[in-house]
Amino acid sequence: MIHKYKMNGLSIVMDVNGGSVHVIDDITYDLLDHYDDYRKGLIDETEIYLRMNGHELEDIKASLEEVNELVKEGLLYSEDTYQNLDAFKNRKPVVKAMCLNIAHDCNLKCKYCFASQGDFGGEKKLMPLEVGKKSLEYLVENSGNRRNLEVDFFGGEPLMNFDVVKELVSYGNELGLKKNKNFRFTITTNGLLLDDKKIDYINEHMDNAVLSLDGRKNVNDDMRLTLIDSGSYDIIVPKFKKLIEKRGNKTYYIRGTFTRNSLDFAEDVKHFRDLGFVHTSMEPVVSADENPYAIREEDLPKILSEYEKLAVDYAEMKVQGDPFSFFHFIVDLTQGPCVIKRITGCGAGTEYLSITPEGDIYPCHQFVGNETYKMGNIMEEEISLPKEMQDMFKNAHVYTKEDCKDCFSKFYCSGGCHANALSFNGDINRPYKIGCEMQRKRLECAIMIEAKKMLASDDEETEETQDTEKVLFL
């Protein structure tokens, strides 16, 4: 299985199963329209030449020889053998990550909030210390041989329960020393309650900080409102700048959300750069169609065009060595992470769990409040997660989702978000189609960017190389 496309002056072909990526010339690009029939024995070389009568015969022959060699080397049209791997068939997932909904309350009332302004449709509550401790203990006890464990302090707004956050970090570090585990903590915050002490604590103790800001002032303040209906931009931007200036080389992300009201989101990503923010993300809102800001299918042409426009500018930045990064344009062409992760995705309900202030256990934070998917309570004396539900999540992967089987991005998106699939289609095995379209475009953009970077850094990429119409393997 291959996927080919053109973008930003490059012709690119992906070998979907093997993971190799090639920058090719126009003749090879056209040849690949016929090569599948050729390798299946449906046509011969003569028929290829007749079909490609716009190209010179000798050029077609040379291109065909190169493609034949790539196929022989397993770099094009490689077979998908992952489903038969014993490590995949016999995998026994362990819990690797946990989201602690440390506060079911918030000091913003963002219009698009999936958590209903922090309370997930229930009572406003803060997580007691004991619930958090039990959660960390459960994570350690069910993590098998895994040493590095991920914990995200989430909300609502976790800074509203910051004293408990700090006590849990201390407890987790003590527990990790005893059990030979290493906790890596993340905090996701809207920034309103940041002050110098909190900034210093976060920078010292949090391995990652996710900072919510939607972009330009008018865009952010249209959606992210304070409790008195004023915009939040002017309050939080100076605080985020201070946190990042003092953070050094530790990881952080400025995380935005674009809606139907801000389909020109490339301008918001550029605004992040203008503010001096280096590590950025911009997520599409996921919301029911009746909401005026919800993204609809008719918005896709504009969205896909916006991604490509951003990618062209971003590629030039990377060629020039600009450190600015955009999460969705970062791609690993070395076939990491491990193959099982690429097949099965986030691990919700098996490797990843979310805990509410009451201690209720859910497959992930986006399932919180949906009682059908409540898996138990962390404060129970004996916790036994429902095996049928765990198996359902375990078996929801790219080989069980019909829409994924022939999709070129399946080993990069791993089947998409279960929660989004459930929200829009009522079935975790039926991916959210609008999300799929955006994922495919983002992957094409990311691969183009990597190709531009490699071509720019390759001292052997000369006019002579181009004249021989050599296929470049990335």
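Quick caveat: nothing in here was measured; it's all calculated off a predicted structure.

### A closer look at the state of the cysteines
Where two cysteines share a covalent bond between their sulfur atoms, that bond is called a disulfide.
Part 1 of the argument: Enumeration according to the criterion identifies 0 disulfides in this entry.
Part 2 of the argument: You can see C364 has no disulfide; the closest cysteine sulfur is in C417, sitting 6.0 Å from it.
Part 3 of the argument: In this structure C436 is not part of a disulfide, and its nearest cysteine sulfur, from C413, lies 6.3 Å away.

### Things to note about the environment of L304
Part 1 of the argument: On the secondary structure map, L304 appears in helix α11 (residues 300–319).
Part 2 of the argument: For L304, a relative accessible area of 18% corresponds to the buried category.
Part 3 of the argument: Taking the C-alpha atoms as reference points, L304 and D86, separated by 218 residues in sequence, lie 38 Å from one another.
Part 4 of the argument: Contact partners of L304, with chain neighbours within four places excluded, come to E437, M438 and K441.

### Focus on the packing of aromatic side chains
Part 1 of the argument: Tallied over the full model, the rule gives 18 aromatic pairs.
Part 2 of the argument: Note on Y82 and F411: the rings are 5.2 Å apart at their centroids and 85 degrees apart in plane angle, and the pair reads as edge-to-face. Remark: F411 occurs in helix α15 (residues 410–413) and Y82 occurs in the loop between α3 (57–72) and α4 (86–89); sequence separation between them is 329 residues.
Part 3 of the argument: For Y82, a relative accessible area of 14% corresponds to the buried category.
Part 4 of the argument: Here the aromatic rings of F183 and F185 are separated by 5.6 Å at their centres, their planes lie at 10 degrees, and the arrangement is stacked.
Part 5 of the argument: By relative accessible area, which is 4% here, F183 ends up buried.
Part 6 of the argument: Above the face of the Y29 ring, K6 is positioned so that its terminal group lies 4.7 Å from the ring centre.
Part 7 of the argument: A cation over an aromatic ring shows up here: K133 above the ring of Y171, its NZ or CZ 5.0 Å from the ring centre.

### Some details on the packing of helix α1 (residues 26–39) against α3
Part 1 of the argument: Running from N to C, α1 and α3 point in directions that differ by 60 degrees, and their axes come no closer than 10 Å. Accordingly, the angle class assigned to the pair α1 and α3 is oblique. In this structure, α1 meets α3 at a crossing whose hand is right-handed. Every residue of α3 that contacts α1 at I27, T28, L31, L32, Y35 and Y38 is listed here: D59, I60, S63, L64, V67, N68 and V71.
Part 2 of the argument: A per-class count over the contact of α1 with α3 returns 9 nonpolar, 3 polar and 1 charged.

### What about the confidence of the model for the protein chain?
Part 1 of the argument: When the pLDDT values of the protein chain are averaged, the result is 90; 94% of them are 70 or greater.
Part 2 of the argument: Across residues 459–474 the pLDDT falls below 50, and counting only partners more than four positions away or on other chains, this stretch makes 32 contacts in the model.

### Description of the pattern of salt bridges
Note that side chains of opposite charge can pair when their charged atoms are close.
Part 1 of the argument: With the rule as written, the count across this model stands at 36 salt bridges.
Part 2 of the argument: With a closest N to O distance of 3.5 Å, D26 and K6 form a salt bridge. Note that D26 is positioned in helix α1 and K6 in strand β1 (residues 2–7), a separation of 20 residues in sequence.
Part 3 of the argument: K6 sits in the partly exposed class, given a relative accessible area of 45%.
Part 4 of the argument: With a closest N to O distance of 4.0 Å, K410 and D80 form a salt bridge. Taken as a pair, K410 in helix α15 and D80 in the loop between α3 and α4 lie far apart in primary sequence, 330 residues in all.
Part 5 of the argument: According to the relative accessible area criterion, K410 is buried, its value standing at 5%.
Part 6 of the argument: The network of salt bridges with common partners includes E267, K270, K302, E306, K309 and D313.

Parameters at a glance
Residues numbered from 1 in each chain as written. Predicted model: local features only at pLDDT ≥ 70, side-chain atom pairs only at ≥ 80, totals over all residues. Heavy atoms only, no water. Disulfide = S-S within 2.5 Å. Helix = DSSP H or I, 4+ residues; strand = E, 2+ residues; numbered from the N terminus. Buried < 20%, exposed > 50% of the residue type's maximum accessible area, 1.4 Å probe, protein only. Contact = heavy atoms within 4.5 Å. Phe/Tyr/Trp six-rings, centres within 6.5 Å; stacked < 30°, edge-to-face > 60°. Lys NZ or Arg CZ within 6 Å of the ring centre and 35° of its normal. Axes fitted to C-alpha atoms, helices over the stretch in contact; angles between N-to-C directions. Parallel < 35°, antiparallel > 145°, perpendicular 65-115°, else oblique. Left-handed = near helix turned anticlockwise from the far one by under 90°. Nonpolar A, V, L, I, M, F, W, Y, C, P; charged D, E, K, R; others polar. pLDDT = per-residue confidence, 0-100. Salt bridge = Lys/Arg side-chain N within 4 Å of Asp/Glu carboxyl O.

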